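Listed below are the residues making up each chain.
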Amino acid sequence: MPHLTSYIMGKWVQGVGEGRKIHHALTNEVLYTVTTDGLPLADSLEYGRKIGGNTLSVMTFQQRGQMLKALAKYLLEHKAQLYTISAQTGATQADSWVDIEGGIATLFSYSGLASRELPDDTIWPEDDMIPLSKQGQFIGQHILTSKRGVALHINAFNFPCWGMLEKLAPTWLAGMPAIIKPATASAQVTQAMVKLMIESGLVPEGAIQLVCGGVGDMFEHLDFEDVVTFTGSAATGQKLRSHPQIIKKSVPFTMEADSLNCAILGNDVQPEQSEFSLFIKEVVREMTAKAGQKCTAIRRIIVPKKQLEHVKHALLKRLSTTTIGDPVIEGVRMGALINLEQRQDVQEKVNYLREHGCEVLCGGQFEQLEVIGGDSQHGAFYPPTLLYCAEPFKHHAVHETEAFGPVATLISYENMEQAVQLAILGGGSLAGTLVTADAQVAQSVIRASARTHGRMLVLNASSATESTGHGSPLPLLVHGGPGRAGGGEELGGLRAVKHYMQRTAIQGSPSMLTAITKQWIRGADTITDVVHPFRKYFEELVIGDTLLTARRTVTEADITNFACLSGDHFYVHVDKIGATQSLFGERIAHGYFVVSAAAGLFVDAGVGPVIANYGMENLRFIEPVKIGDTIQVRLTCKKKIKKSQKFAEDTPNGVVAWDVQVFNQDNIVVALYSILTLVERREGDFK
């Protein structure tokens, strides 16, 4: 019988002994045996730290982002084989698409974030400088650096690809190697994707290791620079989080646990409204997608009492059309649970709910279930099951017991305050949905219940056409939740990257902090050159390169002409009497005139390496510029971000951020901002 191997210390290795069995979800056929007994699991931690960590930590954020993009392209090109293996878990084509291509899309998303937001360096200055003294020569700043540990990712069975990639993307972008421990029941899908990663040659050695089976004594060897993430049941997560070594070494532990998520139908919605249909569709989709085996699935359906019968009828009608069977057969809408053990667990939870205040409206048992192209006895099939709890404030089982399958419970409320109370009784959720056409309902519900949810979707007719739905975590938004949901965070764009990095407050002079961060800080030393900075190519520019411009005196004609050109005739610029009565006491120049005049002072007009103005950031008008004031500009190269070429024919370039200080004849700063320019590079990526 085939044995599912692990990838440890650069080799595919097999544990000793028979181990656990992985079964086909549709037939219960034994596919693989899995064990890690006898493998050097503790050594794999040190291998990851030294080999993978050393390589990743010297790569810049830009290089790591480019690695993610290249890997995503490779995986997309070889995705077909993953779908075949994914079908063994009972997943439909749509289920597998979310898992496989949704996961790959996360790599693309984080690659784009790196390209747009992160420095071409190994240190990430997190904020602007913080003044700590009157004269400005003692300042502080927070920086993020790569830990020299390993991220141990313990994942759930329901999303064997996406669950891995949503954690790998920010981990690698942070410069940290990872050890993946997939759930045994679907480990073959994770292994297939890891094999593709290794075969691609795009991932540095030691950056990823795979443990198919138990973690052995790995927890005993964790150190303070390591990170552990866990996705799965709350009970298992709490056990792992309380491990003595986690506590002793203060190892960061992020947990994302299954929760009793809810969907609320606003009391403003009538059966004839489009929002009503949206609600029914969303609930049924969440019940049946992945056969309900989703940590974000809707478990509690909270509806107005006056609409209870309408909702019940609509849900039962739509659920009755759900075809169950072999996912490869056309027309099958829902596959099987992961295995027979999971089906038994779901049945036991349904029975418990039935005994504690819930009645079964449909489904509720798998015997005599009609299955297309499968066997309801040998395959882990379970019907969509709708329960009803008439007294949800009395029977707390509905808020505490989760059947991790196609199961949800219908409950009703008298008013919106009760709806919020019912939502909160879940004890902390990953995701909640509110369907309403009334902005005031949305305002009151979200403000009252957001504190117990990690993410909330407000769905109406306007957002429905583009909404990704209740259960779809997005790379740029936080995925996680309080309380029962685990209290952790995953995804969230750059927030997620920071989970795997060390934040350090550094203090010193502006010049010292500039040297450390390689980003110029106001007050630091500058470099003056006879060559205008706009005449220099990207590689020739040095952080701190400065230009002090000529001066320009602002005249009444300047203000009048700018008002006519821009159409901005605001009274403080053009009305002498009105301006006298204003805060300024006299007419002043338009702020945007000052910015335009500043550009006229520092721009070099000739053809050169500067390709385009790329934007402006953090503009502040500090003091007014009056008629007769003389302005001057100091332009300083603040930071550089190299942009990779997509095609050989593209002009190689990079983004340069310039600090701009505009001051008057009294050396008082009147405006501060940064501009971004696209600057040509002499050397391209294609040679």
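Scroll up to find the structure this text is about.
Residues numbered from 1 in each chain as written. Predicted model: local features only at pLDDT ≥ 70, side-chain atom pairs only at ≥ 80, totals over all residues. Heavy atoms only, no water.

**Considering the nonpolar core**
One finds Tyr110, Leu168, Trp172, Met193 and Met197 to be the most contacted residues of the largest nonpolar core, which totals 60 residues. Residues contacting leucine 168, with those up to four places away along its chain left out, are Ala178, Ile180, Met197 and Ile208. (Core = buried A, V, L, I, M, F, W, Y, C linked by side-chain atoms within 4.5 Å. Buried < 20%, exposed > 50% of the residue type's maximum accessible area, 1.4 Å probe, protein only. Contact = heavy atoms within 4.5 Å.)

**Points about the environment of lysine 21**
Relative to the assigned elements, lysine 21 resides in strand β3 (residues 20-23). Considering only alpha carbons, one finds lysine 21 and leucine 4, 17 residues apart in sequence, at a separation of 9.7 Å. Beyond its immediate chain neighbours, meaning those up to four positions away, lysine 21 contacts Val30, Tyr32 and Thr33. (Helix = DSSP H or I, 4+ residues; strand = E, 2+ residues; numbered from the N terminus.)

**So, the packing of helix α13 (residues 416-424) against helix α14 (residues 439-449)**
In the contact formed by α13 and α14, the axes pass within 10 Å of each other and the chain directions differ by 35°. Of the two possible hands of crossing, α13 and α14 adopt the one that is right-handed. Only Val441, Val445, Ala448 and Ser449 of α14 make contact with α13, whose side of the interface consists of Met416, Val420 and Ile424. (Axes fitted to C-alpha atoms, helices over the stretch in contact; angles between N-to-C directions. Left-handed = near helix turned anticlockwise from the far one by under 90°.)

**Let's talk about the pattern of salt bridges**
Pairing between side chains of opposite charge can happen when their charged atoms approach one another. Scanning all chains against the criterion turns up 23 salt bridges. Across the salt bridge formed by glutamate 286 and lysine 294, the nearest N and O atoms sit 3.2 Å from each other. Comparing glutamate 286 with lysine 294, the two get one shared label, buried. Linking arginine 299 and glutamate 402 is a salt bridge whose minimum nitrogen-to-oxygen distance equals 2.8 Å. (Salt bridge = Lys/Arg side-chain N within 4 Å of Asp/Glu carboxyl O.)

**Focus on the packing of aromatic side chains**
What the rule picks out here adds up to ten aromatic pairs. Measuring from centroid to centroid gives 5.7 Å for phenylalanine 562 and phenylalanine 593, while their planes differ by 70°, and the two rings are edge-to-face. With phenylalanine 562 in helix α18 (residues 556-566) and phenylalanine 593 in helix α21 (residues 591-602), this residue pair connects regions lying 31 residues apart in the sequence. Assessed through its relative accessible area of 15%, phenylalanine 562 is described here as buried. You can call phenylalanine 593 buried: its relative accessible area is 7%. Ring plane angle 85° and centroid distance 6.0 Å describe the contact between tyrosine 592 and phenylalanine 621, whose orientation is recorded as edge-to-face. Of this pair, tyrosine 592 sits in helix α21 while phenylalanine 621 is found in strand β26 (residues 610-621), placing the two residues 29 residues apart along the sequence. (Phe/Tyr/Trp six-rings, centres within 6.5 Å; stacked < 30°, edge-to-face > 60°.)

**Comments concerning the side chain of arginine 49**
Positionally, arginine 49 belongs in helix α1 (residues 41-58). Given the relative accessible area of 13%, arginine 49 is considered buried. Reaching out from arginine 49, the side chain makes a polar contact with the side chain of glutamate 46 at a distance of 2.8 Å. When neighbours within four sequence positions are excluded, arginine 49 is seen to be in contact with Asn54, Arg148, Gly149, Val150, His221, Leu222, Asp223 and Asp226. (Polar contact = N/O pair within 3.5 Å; in protein donor to acceptor, adjacent residues only side chain to side chain.)

**Focus on the pairing of strand β13 (residues 261-265)**
Where burial is concerned, most of β13 is hidden: five out of the five residues are buried. With burial as the criterion, each face of β13 is covered, one bearing Asn261, Ala263 and Leu265 and the other bearing Cys262 and Ile264. Two strands pair when backbone bridges link them, and β13 and strand β14 (residues 298-304) are joined in this way by four bridges, in the parallel orientation. For alanine 263, the partnering residue across the bridge sits in β14 and is isoleucine 301. When β13 meets strand β18 (residues 429-435), the two strands line up parallel, connected through four bridges. (Pairing = 2+ DSSP bridges.)

**A look at the sheet that holds strand β15 (residues 358-362)**
With mixed pairing, the seven strands of this open sheet are ordered in space as β15-β16-β17-β14-β13-β18-β19. At either end of the open sheet lies a strand with only one pairing partner, and these are β15 and β19 (453-459). With direction set aside, neighbouring strand axes in the sheet form an average angle of 25°. The pairing of β15 with strand β16 (residues 385-389) spans four bridges and is classified as antiparallel. Along β16, the bridge assignment pairs cysteine 362 with leucine 386. Along the sheet face, helix α9 (residues 274-288) touches β13, β14, β16, β17 (407-413), β18 and β19 and points at about 160° away from the line of β14. Docked against the sheet, α13 engages β13, β14, β17 and β19, running at close to 150° with respect to β17.

**Digging into helix α2 (residues 61-77)**
Over its 17 residues, α2 runs 25 Å from end to end, which matches the ideal 24 Å to within 8%, given 1.5 Å per residue. Regarding α2, the residues found buried are Phe61, Gln62, Arg64, Gly65, Met67, Leu68, Leu71, Ala72, Tyr74 and Leu75. (Expected span 1.5 Å × (residues − 1).)

**Description of unusual backbone geometry**
Leave glycine aside and you will find that most residues have negative phi; peptide bonds, for their part, are mostly trans. Residues other than glycine seldom take positive phi values, yet serine 250 does so here, at roughly 55°. As for its position among the elements, serine 250 is in the loop between α8 (244-248) and β12 (253-257). The exposure class assigned to serine 250 is exposed, which follows from its relative accessible area of 58%. A positive phi is found at alanine 291, a non-glycine position, where the angle reads about 50°.

**A word on a nonpolar patch on the surface**
Together, Ile130, Leu132 and Phe138 make up a nonpolar patch on the protein surface, roughly 240 Å² of accessible area in all. As for its position among the elements, isoleucine 130 is in strand β6 (residues 130-131). When its relative accessible area of 33% is taken as the criterion, isoleucine 130 is described as partly exposed. (Patch = residues over 30% accessible without salt bridge, like charges linked within 9 Å, V, L, I, M, F, W, Y side chains within 5 Å. Areas by Shrake-Rupley, 256 points an atom, 1.4 Å probe, with all protein chains shown as cover.)

**Some thoughts on the side chain of serine 44**
Position of serine 44 relative to the elements: it lies in helix α1. Among the residues examined, serine 44 registers a relative accessible area of 1% and is labelled buried. Setting aside its immediate chain neighbours within four residues, serine 44 contacts Ile8, Met9, Ile179, Gln209 and Met218.

**Description of the packing of α2 against helix α6 (residues 187-200)**
The N-to-C vectors of α2 and α6 enclose an angle of 120°; their axes lie 10 Å apart at closest approach. Here α6 runs oblique to α2, going by the angle between their axes. Here α2 runs over α6; the crossing is right-handed. Across the interface between the two elements, Leu71, Tyr74 and Leu75 from α2 touch Met193, Leu196, Met197, Glu199 and Ser200 from α6. By residue class, the composition of the contact of α2 with α6 is six nonpolar, one polar and one charged. (Parallel < 35°, antiparallel > 145°, perpendicular 65-115°, else oblique. Nonpolar A, V, L, I, M, F, W, Y, C, P; charged D, E, K, R; others polar.)

**Observations regarding the environment of proline 160**
Checked against the element boundaries, proline 160 lands in the loop between β8 (151-154) and α5 (162-173). Owing to a relative accessible area of 6%, proline 160 belongs among the buried residues under this scheme. In the structure, proline 160 is positioned 31 residues away from glutamine 191 in sequence and 8.9 Å away in space, judged by C-alpha atoms. Proline 160 has contacts with Asp99, Ser186, Val189 and Thr190, leaving out every residue within four places of it along the chain.

**Focus: the environment of alanine 234**
Residue position: alanine 234 is located in helix α7 (residues 234-241). When the C-alpha positions of alanine 234 and histidine 310 are compared, they lie 35 Å apart, and in sequence the two are 76 residues distant. Leave out the neighbours within four places in its chain, and alanine 234 touches Met255, Ala257 and Arg484.

**A few points about α9**
Compared with an ideal rise of 1.5 Å per residue, which puts 15 residues at 21 Å, α9 spans 21 Å between its outermost C-alpha atoms and is within 8% of the ideal. Within α9, eleven of the 15 residues are buried, which leaves the element mostly enclosed by the surrounding structure. For α9, the set of buried residues is Glu275, Phe276, Leu278, Phe279, Ile280, Glu282, Val283, Val284, Glu286, Met287 and Thr288. Trailing α9 by a residue or two, lysine 290 shows a phi angle of about 55°, which is positive.

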